[in-house]
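Fold and contact review
Listed below are the residues making up each chain.
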Amino acid sequence: MPQVAARISGDQEKWLKDYFRTKSAGAEFILPWAVDTFFRAISAIKSQFTPPELKTIVEAHKDLRLTPEQTRLDYLMLRVQDACELNMLHTKHGAGKASLEAKLRRLDDTQATALSVWAAAFWVSKNCTAENLDAYIQNY
């Protein structure tokens, strides 16, 4: 099995040690579960949006380094609304602003977090080019 080095906080380390025999055993359980859960969730969430809406959301996350406190629905709504109002991203990608905002409002915080992480991940992925945005939306 491939190994991954991940940074965790002191509280996260304590939690892993408290709930599992070792920190490594906990990480080996949690990481695959979290990745699988994320990809199942993002597949379901993405199906609620059109490709132009997803492009708008991805581009609204350009040059953004997410922190845990920025992964709530309110922050996602603000990020996308600002991108639409200030940069007209919805017009650039052919998305309806009202429809996009209505769909975003129906998300809960966990779904909004998954969507924000997915959108921001494009900009640090090996596939990050304007030409690959369509492929990213379709395949990831």
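Structure shown above.
First things first, this report covers the structure right here in the doc. Nothing here was measured: the structure is a model prediction, and the numbers come from that model. (Residues numbered from 1 in each chain as written. Predicted model: local features only at pLDDT ≥ 70, side-chain atom pairs only at ≥ 80, totals over all residues. Heavy atoms only, no water.)

1. A look at the overall build of the chain
When you go through the chain residue by residue, the secondary structure sums to eight helices and zero strands. Its C-alpha atoms give the chain principal-axis dimensions of roughly 55 × 30 × 25 Å. Sorting the 140 residues of the chain into buried and exposed places 31% on the buried side. The long-range share in the chain, meaning contacts at least 24 apart out of those at least 6 apart in sequence, stands at 67%. (Helix = DSSP H or I, 4+ residues; strand = E, 2+ residues; numbered from the N terminus. Buried < 20%, exposed > 50% of the residue type's maximum accessible area, 1.4 Å probe, protein only. Contact = heavy atoms within 4.5 Å.)

2. Topic: helix H3 (residues 51-60)
Within H3, seven of the ten residues are buried, which leaves the element mostly enclosed by the surrounding structure. Taken together, the buried positions of H3 are occupied by Glu53, Leu54, Thr56, Ile57, Val58, Glu59 and Ala60. In the core, the buried residues of H3 are packed alongside helix H2 (23-46), helix H4 (73-87), helix H5 (89-93), helix H6 (97-105), helix H7 (109-122) and helix H8 (133-139).

3. Some remarks on the side chain of Ser116
Among the secondary structure elements, Ser116 is positioned in helix H7. Residues in contact with Ser116, not counting those within four places in the same chain, are His61, Leu66 and Leu76.

4. Digging into the nonpolar core
Counting 26 residues, the largest nonpolar core has Phe49, Ile57, Val80, Leu104, Leu107, Leu115 and Trp118 as the members making the most contacts within it. For this core, the elements supplying multiple residues, two or more each, are H2, H3, H4, H6, H7 and H8. Those residues in contact with Val80 that sit more than four places away from it in its chain are Ile57, Ala60, Leu100 and Leu104. (Core = buried A, V, L, I, M, F, W, Y, C linked by side-chain atoms within 4.5 Å.)

5. Regarding the packing of H4 against H6
Packing of H4 against H6 leaves a shortest axis separation of 10 Å and a crossing angle of 170 degrees. By the angle class used here, H4 and H6 are roughly antiparallel. Across the interface between the two elements, Leu73, Leu76, Met77, Val80, Gln81, Cys84 and Glu85 from H4 touch Lys97, Leu100, Glu101, Leu104 and Arg105 from H6. For the contact of H4 with H6, the per-class residue count stands at seven nonpolar, one polar and four charged. (Axes fitted to C-alpha atoms, helices over the stretch in contact; angles between N-to-C directions. Parallel < 35°, antiparallel > 145°, perpendicular 65-115°, else oblique. Nonpolar A, V, L, I, M, F, W, Y, C, P; charged D, E, K, R; others polar.)

6. Quick look at the environment of Glu13
Note that Glu13 resides in helix H1 (residues 10-19). The class of Glu13 is partly exposed, set by a relative accessible area of 26%. Distance in space between the C-alpha atoms of Glu13 and Leu54 is 35 Å, their sequence separation being 41 residues. When residues no more than four places from it in sequence are discounted, the contact partners of Glu13 are Ile8 and Lys23.

7. Notes on unusual backbone geometry
Non-glycine residue Asp63 carries a positive phi angle of around 60 degrees. Inspection of the secondary structure assignment puts Asp63 in the loop between H3 and H4. Take Asp63: its relative accessible area is 73%, and that puts it in the exposed class. Although it is not a glycine, Met88 adopts a positive phi angle of roughly 55 degrees. Note that Met88 resides in the loop between H4 and H5.

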